Amino acid sequence: MQNRMKTHQLTEDEINHLLDNSIVGRLATVSAAGIPYVIPVHFVYNAESKKIYIHGLIRGQKLDNIAANPNVCFEADLFETFIMPPEDSPCDVNTQYQSVIITGTAKLLEDENEKADALNLIVEKYTPLLAGMPFGNAIKATAVIEISANEITGKYYKDEAAEKQEIVFE
């Protein structure tokens, strides 16, 4: 385990908060040929069941990879700011952040009621004003991936004493 992981672990509540508030996560899968593949995804986390739900098209590389190998890794993070060193030294710039890594197994939900429940959680997170509306036939054309967590770790880095400088990306 990395030293920073030992000394800067997120609590379960902090992990849940990050997963509830992170807009984009990254899903890592491995193809049948052993080639890794990472894709940004919208997701929702169910803290009670320790499951991640992701929706998307019913065909694609991530689904092919999950069919070949259900072992996955999921990552989400919150960037806060860069921490600038007291003297101008590019190699000493650090980052204030929080991140969560989940390893587990993924499967496609086939049952329409389970899919609808997961999709409702996703809608509640991203577009709450549309929550509870019927999905109609779109549910048949939507894949829902369920990740069951085997391990969840979270870490952060924060340096209260360091000078902080906001960096704007254009």
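The preceding data block contains the structure.
Throughout, a residue's number is its position along its own chain's written sequence, starting from 1. Local features in this predicted model are restricted to residues of pLDDT 70 or higher, and side-chain atom pairs are both shown and tallied only at a pLDDT of 80 or more, whereas totals for entire chains, interfaces and linings draw on every residue. Note that the side-chain values use all heavy atoms of the structure and ignore hydrogens as well as water.

1. Regarding the pattern of salt bridges
Heads up, the condition is: Each reported salt bridge corresponds to a side-chain nitrogen of Lys or Arg within 4 Å of a carboxyl oxygen of Asp or Glu. Secondary structure elements follow DSSP: runs of H or I of four or more residues count as helices, runs of E of two or more count as strands, with numbering from the N terminus. Exposure is judged per residue with a 1.4 Å probe applied to protein chains only, and the accessible area is read against the type maximum: over 50% gives exposed, under 20% gives buried, and values in between give partly exposed.
According to the stated counting rule, one finds six salt bridges in the structure shown. Notably, a salt bridge pairs arginine 26 with glutamate 75, separated by 2.9 Å at the nearest N-O pair. Residue arginine 26 is located in strand β1 (residues 25-30), and its partner glutamate 75 is located in strand β5 (residues 71-84); the two are separated by 49 residues in the primary sequence. Since its relative accessible area comes to 19%, glutamate 75 is described here as buried. Where aspartate 77 meets arginine 26, a salt bridge forms, and the shortest distance between an N and an O atom there is 3.3 Å. Highlighted residues: aspartate 77 in strand β5 and arginine 26 in strand β1, separated in sequence by 51 residues. Residue arginine 26 is classed as partly exposed on the basis of its relative accessible area, which comes to 32%. Put simply, Arg26, Glu75 and Asp77 are held in one network by salt bridges that share partners.

2. Topic: the pairing of β1
Quick note on the threshold: Strand pairing requires that DSSP identify at least two bridges connecting the strands.
Residues Gly25, Leu27 and Thr29 point to one face of β1 and are all buried, whereas Arg26, Ala28 and Val30, pointing to the other face, are not buried. Looking at chain direction, β1 and strand β2 (residues 36-41) are connected through six bridges and run antiparallel. Looking at the pairing, alanine 28 lines up with valine 38 of β2. What sits between the antiparallel neighbours β1 and β2 is a turn of five residues, in which glycine 34 has the positive phi angle 85 degrees.

3. A word on the side chain of asparagine 16
Stated precisely, the cut-off is as follows: Two residues qualify as a contact provided that any one of their heavy atoms is within 4.5 Å of a heavy atom in the partner residue.
Checked against the element boundaries, asparagine 16 lands in helix α2 (residues 12-21). Residues in contact with asparagine 16, not counting those within four places in the same chain, are Tyr45 and Ala47.

4. Quick notes on the pairing of strand β3 (residues 43-46)
Two elements, β3 and strand β4 (residues 51-57), share four bridges in a ladder whose sense is antiparallel. Note that in β4 the partner of valine 44 across the bridge is tyrosine 53. Between β3 and β4, which pair antiparallel and follow one another directly, the connecting turn spans four residues, one of which, lysine 50, has a positive phi of 60 degrees.

5. A closer look at a nonpolar patch on the surface
Put simply, the rule is: Note on patches: the residues involved have over 30% relative accessible area and no salt bridge, like charges join within 9 Å, and the nonpolar side chains Val, Leu, Ile, Met, Phe, Trp and Tyr join within 5 Å. Every accessible area reported is derived by Shrake-Rupley at a probe size of 1.4 Å, with residue values counting cover from the shown protein chains alone.
Together, Leu129, Leu130 and Met133 line one region of the surface with nonpolar side chains, adding up to about 330 Å² of accessible area. Secondary-structure assignment places methionine 133 in the loop between α4 (112-126) and β7 (142-157).

6. Here we look at α4
Counting along an α-helix, one turn takes 3.6 residues, and residues three or four places apart therefore face a common direction. Rules: One fewer than the residue count of a helix, multiplied by 1.5 Å, yields its expected span. To be clear, the arc concerns the directions from the helix axis to the C-beta atoms. Nitrogen and oxygen atoms within 3.5 Å of one another constitute a polar contact, given that in protein one can donate a hydrogen and the other can accept it, and given that sequence-neighbouring residues count only through two side-chain atoms.
Helix length check: α4 (15 residues) gives 21 Å between terminal C-alpha atoms against 21 Å at 1.5 Å per residue, within 8%. Of the residues making up α4, those classed as buried are Lys115, Ala116, Ala118, Leu119, Ile122 and Val123. For α4, the arc enclosing every buried residue in end-on projection is 170 degrees, short of the 170-degree limit, so these residues lie on one face. More than 90 degrees from the buried face of α4, the exposed residues found are Asn113 and Asp117. For α4, the capping residue at the N-terminal end is aspartate 111, with a side-chain oxygen 3.0 Å from the backbone nitrogen of asparagine 113.

7. Some points on the environment of asparagine 120
Position of asparagine 120 relative to the elements: it lies in helix α4. Between the C-alpha atom of asparagine 120 and that of methionine 133, which follows or precedes it by 13 residues, the distance is 8.6 Å.

8. Remarks on the nonpolar core
Cut-off, in case you're wondering: Buried Ala, Val, Leu, Ile, Met, Phe, Trp, Tyr and Cys residues that are joined via side-chain atoms within 4.5 Å together make up what is termed a nonpolar core.
Judged by nonpolar contacts, the single largest core of 22 residues is most densely connected at Leu19, Leu27, Ile52, Ile54, Phe74, Ile145 and Ile147. Elements with a contribution of two residues or more to this core: α2, β2, β3, β4, α3 (61-68), β5, β6 (94-108) and β7. In this structure isoleucine 145 touches Leu27, Ile52, Tyr53, Ile54, Lys62, Leu63, Ile66, Ala106, Lys107 and Leu108, once residues within four positions along its chain are discounted. Tyr53, Ala118, Ile139 and Val144 belong to the second largest nonpolar core, which has nine residues in total.

Bear in mind that shape data such as this cannot, by itself, settle questions of function.
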